[in-house]
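Examination of the molecular architecture
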Amino acid sequence: MYTDFKLYTVNCTLTKGVFIMRMYEIIEKKRDGFELSFEEIEFFIKGYCGGTIPDYQASALLMAIFLRGMNERETSDLTMIMAASGDMIDLSAISGIKVDKHSTGGVGDKTTLIVGPIVSACGIPVAKMSGRGLGHTGGTIDKLESIPGFRTAISIDEFISNIKKIGIAIAGQTGNLAPADKKIYALRDVTATVNNISLIASSIMSKKLASGADRIVLDVKTGSGAFMKTVEDSTALAQAMVRIGHQTGRKTLAVITDMDIPLGNAIGNSLEVIEAVETLKGKGPVDLEEVCIELASRMLQLGEQGTYEECKTKAGQTLKDGSALGKLEQMIDQQGGNIKVINDNTLFGQAAHSFDFTAVRSGYISHINTDSLGIASMVLGAGRETKESVIDYTAGIILNRKTGMRVERGDVIARLYTNRPERVSEALDILEQAFLIGNDEPAKRPLILGIVEN
Ligand code: URA
(Lines give C-alpha, C1' and ligand atoms only; values in the text may rest on other atoms or scores of the structure.)
Protein backbone atom coordinates (compact mmCIF):
# COMPACT_ATOMS: atom_id res chain seq x y z
CA MET A 1 0.00 0.00 0.00
CA TYR A 2 1.43 3.41 -0.89
CA THR A 3 0.98 5.81 2.00
CA ASP A 4 2.29 8.73 -0.03
CA PHE A 5 -0.41 8.21 -2.62
CA LYS A 6 -1.58 11.50 -4.07
CA LEU A 7 -3.95 12.26 -6.85
CA TYR A 8 -2.01 11.23 -9.88
CA THR A 9 -3.44 12.07 -13.22
CA VAL A 10 -0.55 12.21 -15.65
CA ASN A 11 -1.68 8.97 -17.23
CA CYS A 12 -4.55 10.80 -18.82
CA THR A 13 -3.98 13.46 -21.39
CA LEU A 14 -6.82 15.85 -21.99
CA THR A 15 -7.48 16.08 -25.70
CA LYS A 16 -10.57 18.03 -26.77
CA GLY A 17 -12.22 17.18 -23.44
CA VAL A 18 -11.54 13.39 -23.71
CA PHE A 19 -9.04 11.60 -21.46
CA ILE A 20 -6.76 9.40 -23.58
CA MET A 21 -4.74 6.76 -21.74
CA ARG A 22 -1.21 6.01 -22.78
CA MET A 23 0.58 2.79 -21.87
CA TYR A 24 3.86 4.68 -21.46
CA GLU A 25 2.35 6.76 -18.69
CA ILE A 26 0.75 3.75 -16.96
CA ILE A 27 4.17 2.05 -16.87
CA GLU A 28 5.75 5.25 -15.55
CA LYS A 29 3.10 5.58 -12.84
CA LYS A 30 3.59 2.04 -11.52
CA ARG A 31 7.38 2.34 -11.88
CA ASP A 32 7.21 5.31 -9.52
CA GLY A 33 5.16 3.36 -6.98
CA PHE A 34 1.67 4.75 -7.51
CA GLU A 35 -1.66 2.95 -7.48
CA LEU A 36 -3.29 2.10 -10.82
CA SER A 37 -7.00 2.74 -11.28
CA PHE A 38 -9.49 0.11 -12.48
CA GLU A 39 -9.61 1.87 -15.87
CA GLU A 40 -5.83 1.80 -16.26
CA ILE A 41 -5.61 -1.92 -15.44
CA GLU A 42 -8.49 -2.61 -17.83
CA PHE A 43 -6.81 -0.52 -20.54
CA PHE A 44 -3.65 -2.63 -20.16
CA ILE A 45 -5.44 -6.01 -20.19
CA LYS A 46 -7.74 -5.15 -23.09
CA GLY A 47 -4.95 -3.54 -25.09
CA TYR A 48 -2.51 -6.39 -24.54
CA CYS A 49 -5.07 -9.09 -25.37
CA GLY A 50 -6.35 -7.10 -28.32
CA GLY A 51 -2.87 -6.69 -29.77
CA THR A 52 -2.62 -2.89 -29.49
CA ILE A 53 -0.11 -3.02 -26.61
CA PRO A 54 3.14 -4.78 -27.57
CA ASP A 55 5.00 -7.42 -25.50
CA TYR A 56 7.76 -4.97 -24.57
CA GLN A 57 5.39 -2.50 -22.92
CA ALA A 58 3.42 -5.29 -21.19
CA SER A 59 6.74 -6.75 -19.93
CA ALA A 60 7.80 -3.37 -18.60
CA LEU A 61 4.54 -2.94 -16.68
CA LEU A 62 4.73 -6.50 -15.30
CA MET A 63 8.26 -5.82 -14.06
CA ALA A 64 7.11 -2.55 -12.47
CA ILE A 65 4.26 -4.45 -10.75
CA PHE A 66 6.73 -7.17 -9.71
CA LEU A 67 9.04 -4.60 -8.09
CA ARG A 68 6.47 -2.14 -6.71
CA GLY A 69 3.61 -4.53 -5.89
CA MET A 70 -0.12 -3.99 -6.11
CA ASN A 71 -2.45 -3.21 -3.24
CA GLU A 72 -5.60 -5.22 -2.42
CA ARG A 73 -7.87 -3.12 -4.63
CA GLU A 74 -5.56 -3.29 -7.65
CA THR A 75 -5.10 -7.07 -7.19
CA SER A 76 -8.83 -7.71 -7.06
CA ASP A 77 -9.46 -5.41 -10.06
CA LEU A 78 -6.81 -7.27 -12.07
CA THR A 79 -8.41 -10.60 -11.09
CA MET A 80 -11.91 -9.54 -12.11
CA ILE A 81 -10.78 -8.04 -15.41
CA MET A 82 -8.83 -11.21 -16.33
CA ALA A 83 -11.71 -13.49 -15.23
CA ALA A 84 -14.11 -11.53 -17.46
CA SER A 85 -11.74 -11.65 -20.46
CA GLY A 86 -13.33 -14.93 -21.69
CA ASP A 87 -16.08 -17.42 -20.86
CA MET A 88 -17.60 -17.34 -17.39
CA ILE A 89 -18.87 -20.91 -16.92
CA ASP A 90 -22.38 -21.25 -15.52
CA LEU A 91 -22.73 -24.35 -13.33
CA SER A 92 -26.23 -23.50 -12.10
CA ALA A 93 -27.69 -26.47 -14.01
CA ILE A 94 -25.92 -28.74 -11.50
CA SER A 95 -27.75 -28.92 -8.19
CA GLY A 96 -25.92 -28.65 -4.87
CA ILE A 97 -22.98 -26.57 -3.69
CA LYS A 98 -20.13 -26.81 -6.20
CA VAL A 99 -16.74 -26.76 -4.47
CA ASP A 100 -13.57 -26.34 -6.54
CA LYS A 101 -9.99 -27.08 -5.53
CA HIS A 102 -6.76 -25.59 -6.81
CA SER A 103 -3.13 -26.31 -6.03
CA THR A 104 -0.46 -23.66 -6.52
CA GLY A 105 1.70 -26.45 -7.98
CA GLY A 106 4.33 -28.85 -6.80
CA VAL A 107 6.30 -32.00 -7.54
CA GLY A 108 4.46 -35.34 -7.34
CA ASP A 109 1.21 -33.47 -6.64
CA LYS A 110 -1.47 -35.90 -7.78
CA THR A 111 -4.00 -34.84 -5.14
CA THR A 112 -6.80 -33.91 -7.59
CA LEU A 113 -6.92 -37.52 -8.84
CA ILE A 114 -7.64 -38.67 -5.28
CA VAL A 115 -9.47 -35.73 -3.70
CA GLY A 116 -11.96 -35.35 -6.60
CA PRO A 117 -13.25 -38.96 -6.35
CA ILE A 118 -13.36 -38.82 -2.50
CA VAL A 119 -15.45 -35.63 -2.49
CA SER A 120 -17.72 -36.88 -5.27
CA ALA A 121 -18.23 -40.20 -3.42
CA CYS A 122 -19.47 -38.10 -0.46
CA GLY A 123 -22.16 -36.50 -2.63
CA ILE A 124 -20.58 -33.14 -3.51
CA PRO A 125 -20.48 -32.48 -7.28
CA VAL A 126 -16.91 -32.08 -8.55
CA ALA A 127 -16.57 -29.78 -11.58
CA LYS A 128 -12.84 -29.45 -12.02
CA MET A 129 -11.03 -27.61 -14.79
CA SER A 130 -7.34 -28.41 -14.56
CA GLY A 131 -4.15 -27.32 -16.26
CA ARG A 132 -1.04 -28.86 -17.77
CA GLY A 133 2.45 -28.98 -16.28
CA LEU A 134 4.14 -25.61 -15.71
CA GLY A 135 7.92 -25.32 -15.33
CA HIS A 136 9.11 -27.97 -12.87
CA THR A 137 5.55 -28.73 -11.68
CA GLY A 138 3.28 -31.41 -13.13
CA GLY A 139 -0.31 -30.92 -14.35
CA THR A 140 -3.44 -33.00 -13.73
CA ILE A 141 -4.47 -32.96 -17.39
CA ASP A 142 -1.16 -34.48 -18.55
CA LYS A 143 -1.52 -37.16 -15.86
CA LEU A 144 -5.07 -38.05 -16.88
CA GLU A 145 -4.07 -38.21 -20.54
CA SER A 146 -1.62 -40.99 -19.65
CA ILE A 147 -4.70 -43.23 -19.20
CA PRO A 148 -5.27 -44.86 -22.61
CA GLY A 149 -8.31 -43.29 -24.31
CA PHE A 150 -9.03 -40.68 -21.60
CA ARG A 151 -10.47 -37.49 -23.10
CA THR A 152 -9.74 -34.21 -21.28
CA ALA A 153 -10.87 -31.92 -24.14
CA ILE A 154 -14.61 -32.16 -23.57
CA SER A 155 -17.17 -29.47 -24.30
CA ILE A 156 -18.81 -27.48 -21.51
CA ASP A 157 -22.09 -29.27 -22.28
CA GLU A 158 -20.48 -32.69 -21.90
CA PHE A 159 -18.68 -31.51 -18.76
CA ILE A 160 -21.95 -30.44 -17.13
CA SER A 161 -23.86 -33.50 -18.34
CA ASN A 162 -21.18 -35.85 -16.90
CA ILE A 163 -21.35 -34.14 -13.51
CA LYS A 164 -25.14 -34.40 -13.50
CA LYS A 165 -24.88 -38.09 -14.39
CA ILE A 166 -22.00 -39.37 -12.21
CA GLY A 167 -21.08 -36.43 -9.94
CA ILE A 168 -17.60 -35.75 -11.30
CA ALA A 169 -15.73 -34.49 -14.36
CA ILE A 170 -12.15 -33.29 -14.72
CA ALA A 171 -11.43 -31.47 -17.95
CA GLY A 172 -8.77 -29.26 -19.51
CA GLN A 173 -9.43 -25.54 -19.30
CA THR A 174 -11.27 -24.42 -22.39
CA GLY A 175 -9.18 -22.15 -24.63
CA ASN A 176 -11.39 -19.23 -23.70
CA LEU A 177 -11.23 -19.53 -19.89
CA ALA A 178 -9.50 -16.35 -18.63
CA PRO A 179 -7.54 -15.94 -21.91
CA ALA A 180 -5.93 -12.75 -20.55
CA ASP A 181 -4.27 -14.79 -17.81
CA LYS A 182 -3.06 -17.31 -20.38
CA LYS A 183 -1.38 -14.57 -22.45
CA ILE A 184 0.06 -12.74 -19.48
CA TYR A 185 1.25 -15.93 -17.77
CA ALA A 186 3.19 -16.90 -20.91
CA LEU A 187 4.89 -13.50 -20.84
CA ARG A 188 5.62 -13.71 -17.08
CA ASP A 189 7.16 -17.13 -17.61
CA VAL A 190 9.85 -15.64 -19.87
CA THR A 191 10.37 -12.26 -18.17
CA ALA A 192 11.16 -13.44 -14.60
CA THR A 193 7.91 -12.02 -13.25
CA VAL A 194 6.15 -15.17 -12.02
CA ASN A 195 6.95 -15.06 -8.29
CA ASN A 196 4.90 -12.07 -7.22
CA ILE A 197 2.00 -12.51 -4.80
CA SER A 198 -0.44 -10.15 -6.58
CA LEU A 199 0.33 -11.65 -9.98
CA ILE A 200 0.02 -15.28 -8.78
CA ALA A 201 -3.13 -14.55 -6.75
CA SER A 202 -4.87 -12.80 -9.65
CA SER A 203 -3.76 -15.48 -12.13
CA ILE A 204 -5.14 -18.35 -10.04
CA MET A 205 -8.29 -16.62 -8.82
CA SER A 206 -9.24 -15.29 -12.28
CA LYS A 207 -9.40 -18.91 -13.51
CA LYS A 208 -11.30 -20.04 -10.41
CA LEU A 209 -13.88 -17.27 -10.74
CA ALA A 210 -14.36 -18.01 -14.44
CA SER A 211 -14.77 -21.75 -13.69
CA GLY A 212 -18.03 -21.03 -11.90
CA ALA A 213 -17.77 -22.97 -8.59
CA ASP A 214 -19.59 -21.60 -5.53
CA ARG A 215 -16.78 -22.27 -3.05
CA ILE A 216 -13.05 -22.79 -3.40
CA VAL A 217 -10.40 -24.75 -1.48
CA LEU A 218 -6.84 -23.69 -2.26
CA ASP A 219 -3.82 -25.91 -1.62
CA VAL A 220 -0.97 -23.42 -1.20
CA LYS A 221 2.26 -25.39 -1.48
CA THR A 222 5.32 -24.29 0.46
CA GLY A 223 8.98 -25.22 0.25
CA SER A 224 11.72 -26.12 -2.19
CA GLY A 225 9.32 -27.71 -4.71
CA ALA A 226 6.82 -24.82 -4.68
CA PHE A 227 6.68 -21.29 -6.12
CA MET A 228 6.49 -19.97 -2.53
CA LYS A 229 9.54 -21.11 -0.56
CA THR A 230 8.56 -19.94 2.94
CA VAL A 231 5.47 -20.32 5.11
CA GLU A 232 5.34 -16.51 5.45
CA ASP A 233 5.15 -15.99 1.68
CA SER A 234 2.63 -18.81 1.29
CA THR A 235 0.46 -17.33 4.02
CA ALA A 236 0.56 -13.92 2.32
CA LEU A 237 -0.42 -15.54 -1.01
CA ALA A 238 -3.19 -17.52 0.70
CA GLN A 239 -4.53 -14.37 2.37
CA ALA A 240 -4.55 -12.48 -0.93
CA MET A 241 -6.52 -15.27 -2.66
CA VAL A 242 -8.95 -15.80 0.22
CA ARG A 243 -9.61 -12.05 0.26
CA ILE A 244 -10.41 -12.05 -3.46
CA GLY A 245 -12.75 -15.01 -2.94
CA HIS A 246 -14.50 -13.13 -0.15
CA GLN A 247 -14.81 -9.91 -2.20
CA THR A 248 -16.45 -11.85 -5.02
CA GLY A 249 -18.87 -13.72 -2.79
CA ARG A 250 -17.13 -17.13 -3.06
CA LYS A 251 -16.35 -18.68 0.28
CA THR A 252 -12.67 -19.62 0.02
CA LEU A 253 -10.38 -21.55 2.35
CA ALA A 254 -6.66 -22.11 1.88
CA VAL A 255 -4.65 -24.99 3.30
CA ILE A 256 -0.90 -24.34 3.48
CA THR A 257 0.81 -27.69 2.81
CA ASP A 258 4.39 -28.83 2.71
CA MET A 259 6.17 -29.09 -0.65
CA ASP A 260 9.72 -29.18 0.68
CA ILE A 261 9.58 -32.93 0.01
CA PRO A 262 7.81 -34.44 -3.04
CA LEU A 263 4.30 -35.65 -2.21
CA GLY A 264 4.13 -39.46 -2.35
CA ASN A 265 6.89 -41.40 -4.09
CA ALA A 266 5.99 -41.12 -7.76
CA ILE A 267 6.95 -38.22 -10.08
CA GLY A 268 5.82 -38.48 -13.71
CA ASN A 269 2.47 -38.91 -15.37
CA SER A 270 1.42 -42.58 -15.49
CA LEU A 271 3.57 -43.31 -12.43
CA GLU A 272 1.51 -40.76 -10.51
CA VAL A 273 -1.82 -42.13 -11.75
CA ILE A 274 -0.76 -45.61 -10.56
CA GLU A 275 0.11 -44.14 -7.14
CA ALA A 276 -3.22 -42.28 -7.00
CA VAL A 277 -5.09 -45.53 -7.71
CA GLU A 278 -3.12 -47.28 -4.95
CA THR A 279 -4.04 -44.46 -2.56
CA LEU A 280 -7.72 -44.81 -3.45
CA LYS A 281 -7.33 -48.53 -2.66
CA GLY A 282 -6.03 -47.49 0.80
CA LYS A 283 -2.50 -48.65 -0.03
CA GLY A 284 -0.84 -45.34 -0.91
CA PRO A 285 1.98 -43.42 0.78
CA VAL A 286 0.90 -41.98 4.15
CA ASP A 287 1.96 -38.39 3.37
CA LEU A 288 -0.11 -38.35 0.19
CA GLU A 289 -3.14 -39.83 1.94
CA GLU A 290 -2.88 -37.31 4.80
CA VAL A 291 -2.82 -34.28 2.48
CA CYS A 292 -5.67 -35.68 0.35
CA ILE A 293 -7.87 -36.38 3.36
CA GLU A 294 -7.21 -32.86 4.66
CA LEU A 295 -8.13 -31.23 1.32
CA ALA A 296 -11.17 -33.44 0.82
CA SER A 297 -12.39 -32.75 4.37
CA ARG A 298 -12.08 -29.01 3.82
CA MET A 299 -14.01 -29.27 0.54
CA LEU A 300 -16.75 -31.27 2.27
CA GLN A 301 -16.81 -28.73 5.09
CA LEU A 302 -17.31 -25.88 2.61
CA GLY A 303 -19.97 -28.04 0.95
CA GLU A 304 -21.81 -28.10 4.29
CA GLN A 305 -21.42 -31.83 4.88
CA GLY A 306 -20.82 -31.46 8.63
CA THR A 307 -18.09 -30.38 11.02
CA TYR A 308 -14.46 -30.71 10.00
CA GLU A 309 -14.13 -33.87 12.13
CA GLU A 310 -17.28 -35.41 10.62
CA CYS A 311 -16.05 -34.59 7.12
CA LYS A 312 -12.69 -36.17 7.88
CA THR A 313 -14.39 -39.40 8.97
CA LYS A 314 -16.58 -39.40 5.84
CA ALA A 315 -13.58 -38.81 3.56
CA GLY A 316 -11.58 -41.63 5.21
CA GLN A 317 -14.55 -43.98 4.89
CA THR A 318 -14.61 -43.63 1.09
CA LEU A 319 -11.10 -45.08 0.92
CA LYS A 320 -12.07 -48.00 3.15
CA ASP A 321 -15.33 -48.91 1.41
CA GLY A 322 -13.98 -48.45 -2.14
CA SER A 323 -16.53 -45.78 -3.09
CA ALA A 324 -13.85 -43.20 -4.01
CA LEU A 325 -12.07 -45.73 -6.23
CA GLY A 326 -15.46 -46.50 -7.79
CA LYS A 327 -15.88 -42.79 -8.62
CA LEU A 328 -12.51 -42.64 -10.36
CA GLU A 329 -13.48 -45.73 -12.36
CA GLN A 330 -16.82 -44.14 -13.35
CA MET A 331 -15.06 -40.95 -14.42
CA ILE A 332 -12.45 -42.81 -16.49
CA ASP A 333 -15.23 -44.75 -18.18
CA GLN A 334 -17.38 -41.66 -18.79
CA GLN A 335 -14.45 -39.79 -20.37
CA GLY A 336 -13.50 -42.67 -22.68
CA GLY A 337 -10.55 -44.13 -20.76
CA ASN A 338 -9.73 -47.79 -20.29
CA ILE A 339 -10.98 -48.73 -16.79
CA LYS A 340 -8.87 -51.88 -16.80
CA VAL A 341 -5.87 -49.68 -15.82
CA ILE A 342 -7.27 -49.71 -12.27
CA ASN A 343 -6.22 -53.32 -11.84
CA ASP A 344 -3.56 -53.68 -14.51
CA ASN A 345 -0.64 -51.22 -14.48
CA THR A 346 0.93 -52.76 -17.56
CA LEU A 347 -1.79 -51.09 -19.68
CA PHE A 348 -0.04 -47.75 -19.17
CA GLY A 349 2.98 -49.04 -21.09
CA GLN A 350 6.46 -48.99 -19.66
CA ALA A 351 9.59 -46.96 -20.26
CA ALA A 352 12.24 -48.95 -22.10
CA HIS A 353 15.03 -48.05 -19.67
CA SER A 354 15.38 -47.80 -15.90
CA PHE A 355 18.40 -46.62 -13.91
CA ASP A 356 19.15 -46.48 -10.19
CA PHE A 357 20.28 -43.41 -8.31
CA THR A 358 22.22 -44.60 -5.28
CA ALA A 359 23.54 -43.04 -2.07
CA VAL A 360 27.16 -41.92 -2.28
CA ARG A 361 27.53 -42.11 1.50
CA SER A 362 25.70 -43.38 4.57
CA GLY A 363 23.63 -41.05 6.75
CA TYR A 364 20.25 -39.35 6.86
CA ILE A 365 18.68 -37.53 3.94
CA SER A 366 18.63 -34.06 5.47
CA HIS A 367 17.17 -32.08 2.55
CA ILE A 368 15.87 -32.50 -1.00
CA ASN A 369 15.83 -29.67 -3.54
CA THR A 370 12.42 -30.77 -4.68
CA ASP A 371 12.15 -28.47 -7.70
CA SER A 372 15.30 -30.18 -9.06
CA LEU A 373 13.47 -33.51 -8.94
CA GLY A 374 10.75 -31.95 -11.11
CA ILE A 375 13.46 -30.79 -13.53
CA ALA A 376 15.17 -34.22 -13.56
CA SER A 377 11.82 -35.83 -14.32
CA MET A 378 11.31 -33.35 -17.17
CA VAL A 379 14.78 -34.21 -18.57
CA LEU A 380 13.74 -37.89 -18.55
CA GLY A 381 10.74 -36.93 -20.73
CA ALA A 382 7.90 -36.44 -18.20
CA GLY A 383 7.61 -32.66 -18.68
CA ARG A 384 7.89 -30.02 -21.37
CA GLU A 385 11.25 -28.33 -21.91
CA THR A 386 9.73 -26.11 -24.58
CA LYS A 387 6.11 -25.33 -25.43
CA GLU A 388 6.40 -27.76 -28.37
CA SER A 389 7.77 -30.73 -26.36
CA VAL A 390 5.79 -33.96 -26.47
CA ILE A 391 5.39 -35.64 -23.08
CA ASP A 392 6.47 -39.24 -22.50
CA TYR A 393 3.80 -40.48 -20.08
CA THR A 394 5.88 -43.44 -18.93
CA ALA A 395 8.93 -41.37 -17.89
CA GLY A 396 9.64 -40.26 -14.35
CA ILE A 397 11.09 -41.13 -10.98
CA ILE A 398 10.07 -43.43 -8.13
CA LEU A 399 11.57 -42.43 -4.81
CA ASN A 400 12.62 -45.17 -2.37
CA ARG A 401 13.89 -42.71 0.23
CA LYS A 402 12.87 -39.17 1.19
CA THR A 403 13.93 -36.51 3.69
CA GLY A 404 14.45 -37.87 7.21
CA MET A 405 15.17 -41.45 6.12
CA ARG A 406 18.40 -43.32 6.80
CA VAL A 407 20.45 -44.58 3.84
CA GLU A 408 23.55 -46.75 3.64
CA ARG A 409 26.15 -46.14 0.93
CA GLY A 410 24.97 -47.82 -2.29
CA ASP A 411 21.28 -47.95 -1.30
CA VAL A 412 18.90 -47.12 -4.12
CA ILE A 413 17.40 -43.69 -3.35
CA ALA A 414 15.41 -43.44 -6.57
CA ARG A 415 14.70 -45.35 -9.76
CA LEU A 416 14.57 -43.39 -13.01
CA TYR A 417 12.34 -44.41 -15.93
CA THR A 418 12.93 -43.08 -19.44
CA ASN A 419 12.97 -43.65 -23.16
CA ARG A 420 15.85 -41.20 -23.49
CA PRO A 421 18.90 -43.09 -22.19
CA GLU A 422 21.12 -40.32 -23.62
CA ARG A 423 19.74 -37.85 -21.04
CA VAL A 424 20.17 -40.10 -17.98
CA SER A 425 23.59 -38.82 -16.90
CA GLU A 426 22.18 -35.27 -16.92
CA ALA A 427 19.23 -36.37 -14.74
CA LEU A 428 21.55 -38.26 -12.38
CA ASP A 429 23.76 -35.15 -12.03
CA ILE A 430 20.69 -33.09 -11.10
CA LEU A 431 19.69 -35.67 -8.48
CA GLU A 432 23.25 -35.76 -7.11
CA GLN A 433 22.97 -32.03 -6.38
CA ALA A 434 19.37 -32.30 -5.12
CA PHE A 435 19.90 -34.73 -2.23
CA LEU A 436 21.83 -33.69 0.87
CA ILE A 437 22.95 -36.54 3.14
CA GLY A 438 24.08 -35.62 6.66
CA ASN A 439 24.99 -37.35 9.90
CA ASP A 440 21.99 -36.27 11.94
CA GLU A 441 18.34 -37.15 11.60
CA PRO A 442 16.56 -33.91 10.59
CA ALA A 443 13.55 -32.60 12.55
CA LYS A 444 10.20 -33.72 11.14
CA ARG A 445 8.12 -31.01 9.47
CA PRO A 446 4.31 -31.19 9.59
CA LEU A 447 2.50 -31.67 6.27
CA ILE A 448 -0.30 -29.24 7.10
CA LEU A 449 1.29 -25.90 7.95
CA GLY A 450 -1.73 -23.65 8.34
CA ILE A 451 -5.30 -22.73 7.38
CA VAL A 452 -6.39 -19.35 6.04
CA GLU A 453 -10.13 -18.64 5.73
CA ASN A 454 -12.55 -15.75 5.50
N1 URA B 1 -0.29 -21.06 -11.11
C2 URA B 1 -1.03 -20.20 -11.85
O3 URA B 1 -2.08 -20.56 -12.38
N4 URA B 1 -0.59 -18.93 -11.99
C5 URA B 1 0.54 -18.48 -11.41
O6 URA B 1 0.86 -17.31 -11.55
C7 URA B 1 1.33 -19.38 -10.65
C8 URA B 1 0.88 -20.68 -10.52
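Preceding this paragraph is the structure being described.
Now for a quick tour of the structure. Keep in mind it's a predicted model, so treat the numbers as computed, not measured. (Residues numbered from 1 in each chain as written. Predicted model: local features only at pLDDT ≥ 70, side-chain atom pairs only at ≥ 80, totals over all residues. Heavy atoms only, no water.)

1. Describing the sheet that holds strand S9 (residues 353–358)
The four strands are arranged S8-S11-S13-S9 in an open sheet whose pairing can be described as antiparallel. Edge positions in the sheet fall to strand S8 (266–267) and S9, since each has one partner strand and no second. As paired elements, S9 and strand S13 (residues 412–418) share six bridges and run antiparallel to each other. Within the sheet, the bridge partner assigned to Thr 358 lies in S13 and is Val 412. Contacting S9, strand S11 (396–399) and S13, helix H16 (residues 424–434) runs over the sheet at an angle of about 25° to S9. (Pairing = 2+ DSSP bridges. Helix = DSSP H or I, 4+ residues; strand = E, 2+ residues; numbered from the N terminus. Contact = heavy atoms within 4.5 Å. Axes fitted to C-alpha atoms, helices over the stretch in contact; angles between N-to-C directions.)

2. Focus: the packing of helix H1 (residues 23–31) against helix H3 (residues 55–68)
It is at 8 Å that the axes of H1 and H3 come closest, and there the two elements cross at 15°. On the basis of the axis angle, H1 is roughly parallel to H3. Crossing of H1 against H3: the hand is left-handed. Here Met 23, Tyr 24, Ile 26, Ile 27, Lys 30 and Arg 31 of H1 lie close against H3, whose contacting residues are Gln 57, Ala 58, Ala 60, Leu 61, Ala 64, Ile 65 and Arg 68. The class makeup of the residues in the contact of H1 with H3 is nine nonpolar, one polar and three charged. (Parallel < 35°, antiparallel > 145°, perpendicular 65-115°, else oblique. Left-handed = near helix turned anticlockwise from the far one by under 90°. Nonpolar A, V, L, I, M, F, W, Y, C, P; charged D, E, K, R; others polar.)

3. Notes on empty space enclosed by the protein
Following the criterion strictly, the structure yields two cavities of 30 Å³ or more and no others. Roughly 50 Å³ of internal volume is contained in the largest cavity. Where the lining of the largest cavity is concerned, the elements lending two or more residues are strand S3 (99–103), helix H5 (111–121) and strand S4 (126–130). Of the residues assigned to the lining of the largest cavity, the class counts are four nonpolar, two polar and three charged. Contributing to the lining of the second largest cavity are Phe 44, Leu 62, Leu 78, Met 82, Ile 184, Arg 188 and Leu 199. Sorting the residues of the lining of the second largest cavity by element identifies helix H4 (72–83) and helix H8 (179–189) as the ones contributing at least two each. For the lining of the second largest cavity, the residue count by class is six nonpolar, no polar and one charged. No fewer than three residues from each of domain 1 (12–83) and domain 2 (99–345) sit in the lining of the second largest cavity. (1 Å grid on protein atoms, 1.4 Å probe; cavity = no way out; pocket = protein on both sides within 12 Å on 5 of 7 lines; lining within 4 Å. Points joined across faces, edges and corners; volume = space filled by probe spheres on them. Domains from an automatic or database assignment.)

4. Examining the site of the ligand
The ligand sits among Tyr 185, Arg 188, Ile 200, Ser 203, Ile 204, Lys 207 and Phe 227. For the ligand, a nitrogen atom lies 2.7 Å from a polar atom in the side chain of Ser 203. Between the ligand and Lys 207 there is a distance of 2.5 Å, counted from an oxygen atom to a side-chain nitrogen or oxygen. Relative to its free-state accessible area of 240 Å², the ligand is covered by the protein chains to the extent of 94%. Mapped by element, the contributors of at least two residues to the shell around the ligand are H8 and helix H9 (197–211). No other element matches the four residues that H9 contributes to the shell around the ligand. Looking at the shell around the ligand residue by residue, the classes come out as four nonpolar, one polar and two charged. (Near = heavy atom within 4 Å. Polar contact = N/O pair within 3.5 Å; in protein donor to acceptor, adjacent residues only side chain to side chain. Areas by Shrake-Rupley, 256 points an atom, 1.4 Å probe, with all protein chains shown as cover.)

5. As for H9
One turn of an α-helix holds 3.6 residues; hence residues three or four places apart share an orientation. Here H9 contains 15 residues, and its C-alpha end-to-end distance of 21 Å stays within 8% of the 21 Å for a straight helix at 1.5 Å per residue. In terms of residue burial, H9 counts as a mostly covered element, since 14 of its 15 residues are buried. The opening residue of H9 is Asn 196, an N-cap whose side-chain oxygen sits 3.0 Å from the backbone nitrogen of Ser 198. One or two positions beyond H9, positive phi appears at Gly 212, with a value near 90°. (Expected span 1.5 Å × (residues − 1). Buried < 20%, exposed > 50% of the residue type's maximum accessible area, 1.4 Å probe, protein only.)

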